[in-house]
Amino acid sequence: MLTKEMNERLTQVGPGTPGGEMMRRYWHPIAGVVELDENPVKKVRLMGEDLVLYKDRSGNLGLIDEPCPHRRVSMEYGIPEEEGLRCPYHGWLFNNSGQCTEQPAEPWNSTFKDRIRTKAYPVQELGGLVFAYLGPQPAPLLPRFDLLVWDNVTRQIGVTNLPCNWLQAMENSLDPVHVEWLHGYYMNYVWGKRGVANPERFASRHKKIGFDRFDYGLIKRRVVEGNTEEDEPWRVGHPILYPNVLRVGNSGSYTFQYRVPVDDENTLHLTYTVYRPGIPVPPQESVPVYQLPLYDDHGKFLTEVVLVQDFFAWASQGRIAQRDKEHLGQSDIGVIMLRELVKEQIEMVEAGKDPLGTVRDAAKNVCIDLPQEEHSYDANVARRQAEQMQGVRLAQSWDRFSPITQYVRGLFLEAESKSQAGEPLLEKNRAPEVPQGEWHRQVSLLP
Ligand code: FES
Ligand SMILES: [Fe+2]
């Protein structure tokens, strides 16, 4: 339980709020690069600020204030020029540092433009995403996390607009036991009503859950029935990149789930999936973006899809969960650790320090490999991944909305047959395991 005041402190993202100032110390993905190829100007709302992202005719990206400083017309309707974005109303032109460079309707010898600037933020492309930084200078480096920079992979970006605050999504990532209920018991209930028996999906009970801190956030560990502490889900676990990214996946299919605050009550959820089947994969010309819907044709949550089960669990708590009215148990220890961390990192920023996970050393930012359980793959694993991409398994997965699922399935099948023919699969990347440290906490749930 939190007081109302603390709840606001942890969840508010607008400029000048404690939480908003902390969130502004990180680069956030705001679009797929391919979206700007289709339409070079895109309206973006990020942490309560209305902005316009554009690509000019030289290929440079810019992120500027939505209203034109002249008479407030939306720059969403702007015209990309050789350098910068031109307002459609009277032609004022702005470059990507926000400087006004032309005012064609003003007298020929006017210097007025030199004194006009619009708000502008730095943006960078990486891994098919456009990232923005809204914090103070000097900006930290955009972290080159492994999934963004690996080769021999195929990527895709699923976009969902969530009607709730970002922290609800992140708390779910520190809540291992929901898996056996929401994606196990409830999943079986939903599919059972349709006459599909599916008893094996995420059904194992949690015997033990544990959490640690590491350089980039938190590690989540679990022991389920049939496993021991020697197995990877406990020994290695998987990371939550502070403040707002979950890494999940296994065996050649990995995902960053970015929970980007649009404002206090809305979140842009990017499901960034990277398939690494273990064979040479042709580079993608562009990383496709698809809509990962929340609702079915009747406007009801798509409760039969694993990720949408998470989405409705977050969104149905309300736009901003009333944490002063909740009752936390011992299995909520990860949620509590996350809240403590957010509180602490807000204080770090207030004290003028860099918060957790800030990267400023280029030598350490070539490729940041992250620990991940079940990283291995072989012919059996490749076949299993291909099997996930058909039938009921596909209907339960976000892959059913993706434009490249059958192409990816083909890659895994190819990897399986090559491996069975005796060809070695590509060497796998493996990050060092994070040992249990001074922050380690754990709870036993079953004897
Ligand atoms: S409103 Fe933009 S140039 Fe006039
Ligand atoms: Fe979940």
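What counts and how
Residues numbered from 1 in each chain as written. Chains lettered and ligands numbered in written order. Predicted model: local features only at pLDDT ≥ 70, side-chain atom pairs only at ≥ 80, totals over all residues. Pairing = 2+ DSSP bridges. Helix = DSSP H or I, 4+ residues; strand = E, 2+ residues; numbered from the N terminus. Axes fitted to C-alpha atoms, helices over the stretch in contact; angles between N-to-C directions. Contact = placed C-beta atoms within 7 Å. Buried ≥ 20, exposed ≤ 12 C-beta atoms within 10 Å, placed from the backbone. Parallel < 35°, antiparallel > 145°, perpendicular 65-115°, else oblique. Left-handed = near helix turned anticlockwise from the far one by under 90°.

A word on the sheet that holds strand 16 (residues 245-250)
As summarised here, the arrangement of the nine strands in space is 19-12-18-17-16-15-14-13-20, forming an open sheet in which the pairing is mixed. Each edge of the open sheet carries a strand with a single partner, namely strand 19 (289-291) and strand 20 (441-444). The mean angle between the axes of side-by-side strands here comes to 20°, regardless of whether they run parallel or antiparallel. Of the pairings in the sheet, the one linking strand 15 (residues 238-241) to strand 16 comprises two bridges and is antiparallel in character. Pairing of Ile 240 across the sheet is with Leu 246, part of strand 16. Contacts between helix 9 (residues 333-350) and the sheet are confined to strand 13 (206-214), strand 14 (217-224) and strand 20, with strand 13 contributing the most and set at about 15° to the helix.

Focus on the pairing of strand 15
Two elements, strand 14 and strand 15, share four bridges in a ladder whose sense is antiparallel. Residue pairing across strands places Gly 217 opposite Leu 241, the latter belonging to strand 15. Where strand 15 folds back on strand 16, the antiparallel hairpin that results is connected by three residues.

What about the sheet that holds strand 11 (residues 129-132)?
The three strands are arranged 1-11-10 in an open sheet whose pairing can be described as antiparallel. Of all strands in the sheet, those bounded by a partner on one side alone are strand 1 (28-32) and strand 10 (123-126). When strand polarity is set aside, the average angle formed by the axes of neighbouring strands in this sheet is 35°. Looking at chain direction, strand 10 and strand 11 are connected through four bridges and run antiparallel. Looking at strand 11, one finds that Val 123 is bridged to Ala 132.

As for unusual backbone geometry
At the junction of Gln 137 and Pro 138, the peptide bond is cis and its omega measures out at 0° in the coordinates. Looking along the chain, the bond that leaves Tyr 242 and enters Pro 243 is cis, with omega of 0°. Mapped onto the secondary structure, Pro 243 falls in the loop between strand 15 and strand 16. The backbone of Arg 72 shows a phi angle near 75°, a positive value even though the residue is not glycine. For Arg 72, the location among the structural elements is in the loop between strand 4 (61-65) and strand 5 (79-80). Note on Arg 72: 11 C-beta atoms within 10 Å, which makes it exposed. Here Asn 152, not a glycine, exhibits a phi torsion of approximately 55°, which is positive. Mapped onto the secondary structure, Asn 152 falls in the loop between helix 4 (146-149) and strand 12 (154-162). Taking the C-beta count within 10 Å as the criterion, Asn 152 has 16 such neighbours and is therefore assigned partly exposed.

Considerations on the packing of helix 5 (residues 166-173) against helix 8 (residues 306-315)
The N-to-C vectors of helix 5 and helix 8 enclose an angle of 125°; their axes lie 9 Å apart at closest approach. When the axes of helix 5 and helix 8 are compared, the pair comes out oblique. When the axes of helix 5 and helix 8 are compared, the crossing they make is right-handed. Across the interface between the two elements, Gln 168, Ala 169 and Asn 172 from helix 5 touch Asp 310, Ala 313 and Trp 314 from helix 8.

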